[in-house]
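Topology and contacts: notes
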Amino acid sequence: MTDLEFMDHAERLLLAVERSCDRINETSDADLDSQRSGGMVTIAFPNRSQIVINLQKPLHEVWMASQSGGYHYRFDGTNWQDTKGAGEFFACLSREASRQAGTPLTFGA
């Protein structure tokens, strides 16, 4: 994958995260606060915990940090998959966000 291809896929992922936060806030009382700064999105929860998603351009990876730990994702041509077998990005983000929010949340592309 070229740097340009990585950035195209990665930007779509970050945009999908932001849109999911907006949708969740419109359809629930989860009260997520998402902030974008360049290649990083921070999702803050009412309990002051956070999930941070950032681009690792030289590695062509997207990293996510949550209360349970850090995850590294690479694009496999269809989805962003964890490099250590923890699964697909949006499934993991949904699981981690639900845990931190204390309520079921669903993120997706």
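From a predicted model like this one, the values you see are computed outputs, not experimental measurements.

Some remarks on helix 1 (residues 3–27)
Each α-helix winds once per 3.6 residues, and so residues spaced three or four apart point in a common direction. The terminal C-alpha atoms of helix 1 lie 36 Å apart, and with 25 residues this matches the ideal 36 Å at 1.5 Å per residue to within 8%. Within helix 1 the residues assigned to the buried category are Phe6, His9, Ala10, Leu13, Leu14, Ala16, Val17, Glu18, Ser20, Cys21 and Ile24.

Brief notes about the sheet that holds strand 5 (residues 69–75)
Read across the sheet, six strands follow the order 1-2-3-4-5-6 without closing on themselves; strand pairing throughout is antiparallel. Of all strands in the sheet, those with a lone pairing partner are strand 1 (33–37) and strand 6 (80–82), marking the two edges. The sheet shows a mean angle of 20 degrees between the axes of neighbouring strands, direction not considered. Bridging between strand 5 and strand 6 involves three bridges; their strand directions are antiparallel. Bridge assignment links arginine 74 to a residue of strand 6, and that residue is glutamine 81.

Digging into the environment of glutamate 11
The topology assignment puts glutamate 11 in helix 1. For the pair glutamate 11 and glycine 39, spaced 28 residues apart in sequence, the C-alpha to C-alpha distance is 7.9 Å. Those residues in contact with glutamate 11, other than ones at most four positions away along the chain, are Arg36 and Leu55.

With respect to the pairing of strand 3 (residues 50–56)
Look at any regular strand and the pattern is simple: side chains alternate between the two faces of the sheet. Sheet topology places strand 2 (residues 40–44) next to strand 3; five bridges connect them, and they run antiparallel. Looking at the pairing, valine 41 lines up with isoleucine 53 of strand 3. Linking strand 2 to strand 3, which pair antiparallel, is a turn of five residues; within it arginine 48 sits at a positive phi near 75 degrees. Pairing geometry for strand 3 and strand 4 (residues 61–66), over five bridges, is antiparallel. From the neighbouring strand, valine 52 faces strand 4, where its bridge partner is alanine 65. Taking the residues between adjacent antiparallel strands as the criterion, strand 3 and strand 4 are bridged by four residues, where histidine 60 takes a positive phi near 55 degrees.

Some details on the pattern of salt bridges
Inspection of the entire model under this criterion finds six salt bridges. The partner of aspartate 8 in a salt bridge is arginine 12, and the shortest N-O contact between them spans 2.3 Å. In this pair, aspartate 8 and arginine 12 both sit in helix 1, four residues apart, roughly one turn of the helix. A residue is classified by how much of its surface remains accessible, and arginine 12, at 48% relative accessible area, is partly exposed. A salt bridge links glutamate 18 to arginine 36, with the nearest nitrogen and oxygen atoms 3.2 Å apart.

Re the packing of aromatic side chains
The geometry of two aromatic rings is summed up by the distance between their centres and the angle between their planes. Tallied over the full model, the rule gives five aromatic pairs. Between phenylalanine 6 and tryptophan 80, the ring centres sit 6.0 Å apart and the planes meet at 75 degrees, which makes this aromatic pair edge-to-face. With a gap of 74 residues between them, phenylalanine 6 in helix 1 and tryptophan 80 in strand 6 connect regions that are remote in the sequence. What makes phenylalanine 6 buried here is its relative accessible area of 1%. By relative accessible area, which is 5% here, tryptophan 80 ends up buried. Between the aromatic rings of tyrosine 73 and phenylalanine 89, the centroid separation amounts to 5.2 Å while the plane-to-plane angle is 85 degrees, which identifies the pairing as edge-to-face. Here the residue tyrosine 73 occupies a position in strand 5, and phenylalanine 89 occupies one in helix 2 (residues 89–101), the gap between them amounting to 16 residues. The class for tyrosine 73 is buried, based on a relative accessible area of 0%. Assessed through its relative accessible area of 0%, phenylalanine 89 is described here as buried. Put simply, the rings of Tyr71, Tyr73, Phe89 and Phe90 touch in pairs and so form one group of aromatic residues.

Criteria and thresholds
- Residues numbered from 1 in each chain as written.
- Predicted model: local features only at pLDDT ≥ 70, side-chain atom pairs only at ≥ 80, totals over all residues.
- Heavy atoms only, no water.
- Helix = DSSP H or I, 4+ residues; strand = E, 2+ residues; numbered from the N terminus.
- Expected span 1.5 Å × (residues − 1).
- Buried < 20%, exposed > 50% of the residue type's maximum accessible area, 1.4 Å probe, protein only.
- Pairing = 2+ DSSP bridges.
- Axes fitted to C-alpha atoms, helices over the stretch in contact; angles between N-to-C directions.
- Contact = heavy atoms within 4.5 Å.
- Salt bridge = Lys/Arg side-chain N within 4 Å of Asp/Glu carboxyl O.
- Phe/Tyr/Trp six-rings, centres within 6.5 Å; stacked < 30°, edge-to-face > 60°.

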